[in-house]
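One-letter residues, chain by chain:
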Amino acid sequence: RLRLFAVDEPWRGGDNWRVSYQTDGRRYVLTTPDSVAVADIPAGEAVAFVGPHMRAEVAAVRRELVEGLSLAMATGGRGYSPIHAAGIARGSRGVALVGAAGAGKSTLTMAAARRGFAVFAEDAVYVRASDKAIEFWGMPWIQRLLPDALEMFPELTAIQPRLQPNGESKLEVDLDEWFPGAASPCANPAALVLLERGPGLTRLTPVGDDDEAQIELLWPWGDRWTPENQRAADHLERLPMYRLEMGGTPEQALDVLEPVFEELSAVGVTG
C-alpha cells in the first residue's frame, strides 16, 4: 500500500526534485529537497510527503514515487527478482534484452515496438518464479531514449527532452500514444539476449556452455534473499542464451533476431 500526501511547505527546502536514495535492506528512503518518502519493505507499506516542486513534475512523481516505491516493496518483500534488461515479445514468447547502459536496449526496444512486437519492460525485467516456471514482468509504458535517437526515430521529433534524476536529458515516449497496443507488462520467458555494440556486421550467436557470460540480478536488499528469488535465478540459468553483436541499426538487429522467435518455446506460465 502506498499513500501520497501533498504538502505546501518543503520539508528541507530547495527548488528542484533531484532524488537521493538510501536503504538498509528493510527500509527504503527517498528524498528530494522538498519531498520525502519511506517504504517498509517487509510490511509492504509506504508513505510519501510530496512538496510543490516535485508535484510540478508529474512524470517524476509517477516514476520515483508511484513506480519506484511500489517496485522497492515488490522486489524486497514479494519475491520479484530484477535484472537490468529491456523486454520484447512475439506471441507468447518473451525475450529479455540484457546489456549495460549504452548497449542499445532502448533503441532496439523502440524499433521492436514500431515493427509490431509487444514490449514488456523498458530498463528492468522483474522475474517471478514458481516451482515449475517463471514469468517476466516489467513497466513498459514510458520508454526513455537519448536525444540522438531521433536520427533513427524522426517521427518522435515533437517530444521535448526531459531531465532525469541521474542528470541526463531523455525523450520520454508514451507507448500507448505512439504505438497503441505495444505495451504488455507480462511475458512468458523464452530466452535471454546479451546486447553488445561493436564494429562490423550485426550477428546473433548462441552462447555455449564454455562461455563465461553471466546475468546479474540487481539486489540491494541484503539478507532478504528468499527461496522464490533463488528459484528465479535457477530458472534463468536454464533459459537459452544468445549474444547479439550490433554493428548497424536497430532495424538490422531485429532482422537477425526476429527469426529466432519462431524457434523458441515459452517456458513461463502467466495468469
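Before reading on, note that the structure itself is shown above.
A brief structural summary. Keep in mind that this is a model prediction, so the values were computed, not measured.

What follows concerns the pairing of strand β4 (residues 35-40). Strand direction decides the pairing type here: strand β3 (residues 27-32) and β4, joined by 6 bridges, are antiparallel. Looking at β4, one finds that Arg27 is bridged to Asp40. Here 5 bridges tie β4 to strand β5 (residues 45-50), and the two strands are oriented antiparallel to one another. The residue bridging Ala37 from the neighbouring strand is Ala48, located in β5.

Let us look at the sheet that holds strand β2 (residues 20-23). Ordered in space as β1-β5-β4-β3-β2, the 5 strands form an open sheet in which the pairing is mixed. Each end of this open sheet is capped by a strand with a single partner; those strands are β1 (2-6) and β2. Here the average twist between neighbouring strands, direction ignored, is 10 degrees. In this structure, β2 lies alongside β3, joined through 4 bridges in antiparallel fashion. In the strand pairing of β3, Ser20 is matched with Thr31.

Looking now at the packing of helix α3 (residues 105-115) against helix α6 (residues 250-263). Relative orientation and spacing of two packed helices are given, respectively, by the angle between their axes and the distance between those axes. At a closest axis distance of 9 Å, the pairing of α3 and α6 adopts a crossing angle of 70 degrees. Regarding the angle of α3 to α6, the classification is roughly perpendicular. Considering only the axes of α3 and α6, their crossing is right-handed. Side by side, α3 and α6 meet where Thr107, Leu108, Ala111, Ala112, Arg114 and Arg115 of the first sit next to Pro250, Glu251, Ala253, Leu254, Asp255 and Glu258 of the second. Of the residues in the contact of α3 with α6, the class split is 6 nonpolar, 1 polar and 5 charged.

Look at α6: 21 Å from first C-alpha to last across 14 residues, which is about the 20 Å you get at 1.5 Å a residue. Where α6 bends most, the angle comes to about 30 degrees, and this point is Val256, followed within four residues by the proline Pro259. Buried within α6 are the following residues: Pro250, Ala253, Leu254, Leu257, Val260 and Phe261. Those residues of α6 that are buried are in contact with β7 (85-90), β8 (93-98), α3, β16 (189-197), β17 (203-206) and β18 (241-246).

What counts, and at which threshold
Residues numbered from 1 in each chain as written. Predicted model: local features only at pLDDT ≥ 70, side-chain atom pairs only at ≥ 80, totals over all residues. Heavy atoms only, no water. Pairing = 2+ DSSP bridges. Helix = DSSP H or I, 4+ residues; strand = E, 2+ residues; numbered from the N terminus. Axes fitted to C-alpha atoms, helices over the stretch in contact; angles between N-to-C directions. Parallel < 35°, antiparallel > 145°, perpendicular 65-115°, else oblique. Left-handed = near helix turned anticlockwise from the far one by under 90°. Contact = heavy atoms within 4.5 Å. Nonpolar A, V, L, I, M, F, W, Y, C, P; charged D, E, K, R; others polar. Expected span 1.5 Å × (residues − 1). Bend = angle between axes of the 7 residues up to and from the residue. Buried < 20%, exposed > 50% of the residue type's maximum accessible area, 1.4 Å probe, protein only.

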